Amino acid sequence: MKNPFDLTGRTALVTGGNQGLGKAFARSLAEAGASVVIAARNAERNRAVMGEFAADGITVNAITADITDAADIERMVTETIEAADRIDILVNNAGTCIHNPAFDVTEQEWDDVFNLNVKALWRTTRAVGEHMVKIGGGSVVNIGSMSGFIVNRPQWQPAYNASKAAVHHLTKSLAVEWAPLNIRVNAVAPGYVKTEMSPVDQPEFQRYWVEDTPQQRVALPEEIAPSVVFLASDAASFITGTVLSADGGYTAV
Ligand code: NDP
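So, a few notes on the structure that sits alongside this text.

Cut-offs and rules
Residues numbered from 1 in each chain as written. Predicted model: local features only at pLDDT ≥ 70, side-chain atom pairs only at ≥ 80, totals over all residues. Heavy atoms only, no water. Near = heavy atom within 4 Å. Polar contact = N/O pair within 3.5 Å; in protein donor to acceptor, adjacent residues only side chain to side chain. Areas by Shrake-Rupley, 256 points an atom, 1.4 Å probe, with all protein chains shown as cover. Helix = DSSP H or I, 4+ residues; strand = E, 2+ residues; numbered from the N terminus. Axes fitted to C-alpha atoms, helices over the stretch in contact; angles between N-to-C directions. Left-handed = near helix turned anticlockwise from the far one by under 90°. Contact = heavy atoms within 4.5 Å. Nonpolar A, V, L, I, M, F, W, Y, C, P; charged D, E, K, R; others polar.

Looking now at the site of the ligand. Close contacts around the ligand come from 30 residues, with N18, R41, N93, Y160 and T195 the closest. Here an oxygen atom of the ligand and a backbone polar atom of G16 are 3.0 Å apart. A distance of 2.8 Å is found between an oxygen atom of the ligand and a side-chain nitrogen or oxygen belonging to R45. Protein coverage of the free-state accessible area of the ligand, which is 890 Å², stands at 93%.

The topology assignment puts S237 in the loop between helix 7 (221-232) and strand 7 (243-246). For the pair formed by S237 and P4, sequence separation is 233 residues and the distance between their alpha carbons is 9.0 Å.

Running from N to C, helix 1 (residues 20-31) and helix 2 (residues 43-55) cross one another at 35 degrees; their axes reach a closest spacing of 12 Å. Remark: the crossing between helix 1 and helix 2 carries right-handed chirality. Contacts between helix 1 and helix 2 pair K23, A26 and R27 from the former with V49, E52 and F53 from the latter. Counted by class, the contact of helix 1 with helix 2 contains 3 nonpolar, no polar and 3 charged residues.

Written out as C-alpha cells, the structure reads:
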C-alpha cells in the first residue's frame, strides 16, 4: 500500500522558511519526499538554510522575496514554478507579532501585522490557487495560531490575535469555495513554540505560557512540522476547512 504521507513528486512552497517554524516545515516536507522552495526576505539566511540542509543531504531552493509586496509575490510564484515545475503544496507560514497594549498600538504596527499575516497570505494563496486550478488541484496549509482562539497573557497583542482569527476563518472560507476545484485549505494553530519570534524563555512568561499549558512546556518547531506534512498530504485527502490545534492542550482547558 502506498504511504499516504509520502510527498514524492510534489512541490511545496513555504513562505518564511529560513528560520523557526518555517524552517522545520521545509525540512519535514523535504524528508517526506517533496521538492521544496522557501521564500523569505533575508538572502543570507536563505543561503545559510540551504547550506545547512545540504549538509544533511536535503536539497531546497530559496527565493528572496518580501511577500508584503504584490510584485514580489508574483515573482515568487513565477520563479517557484520555473524552478520546480509546479506548486502542489503552499504553506503560508511567514508571520509577525507585535506586543503592545491596545491603546498604544500605532497605525503602523496594526498595518504591519495585518499586511503580512492576512493580506500577504491572501494574495499569495490567490496567486498560487490560480496555478493549482491549472494543474488540477493542490493543498494549502495556513499557519494560524491558538491566538486566533484565545487571548494570550500577560502581554497584549490585539492585532496579532485578530489577524490569526482572520487566518482561521479565511481558511474555512477558501476551503468551502475551492473544494470543487480539488484544492484543500487547512490551518495549523500552534501554541507556544520556541523560535526567534517567541521569547518563551523569559521568566515573566513562565507562569502563563508554560504553567497554563497542560503539557507544562512549550514545543519545538519539529513537533509542529508533522501536522503540516499530514495536512499537505493524501493522508488528509478528506480534510478541508479544518484548523488543527497543536498547543499542548492549551485551548482544551
Ligand atoms: P519567526 O519570526 O521566527 O520567522 C518568521 C519567518 O517569516 C522568517 O523566516 C522571516 O524571514 C519570514 N518573513 C517575515 N516577514 C516576511 C516577509 N515580509 N516576506 C517574506 N518572509 C517574511 O516566526 P515563527 O517561526 O515563530 O513563526 C512562524 C509562523 O508561526 C508565524 O505565522 C507565526 O505567527 C506562527 N506561530 C508562531 C508561534 C510561536 O510560538 N513561535 C505560535 C503560533 C503561531 P525573513 O526575515 O528573512 O523575511
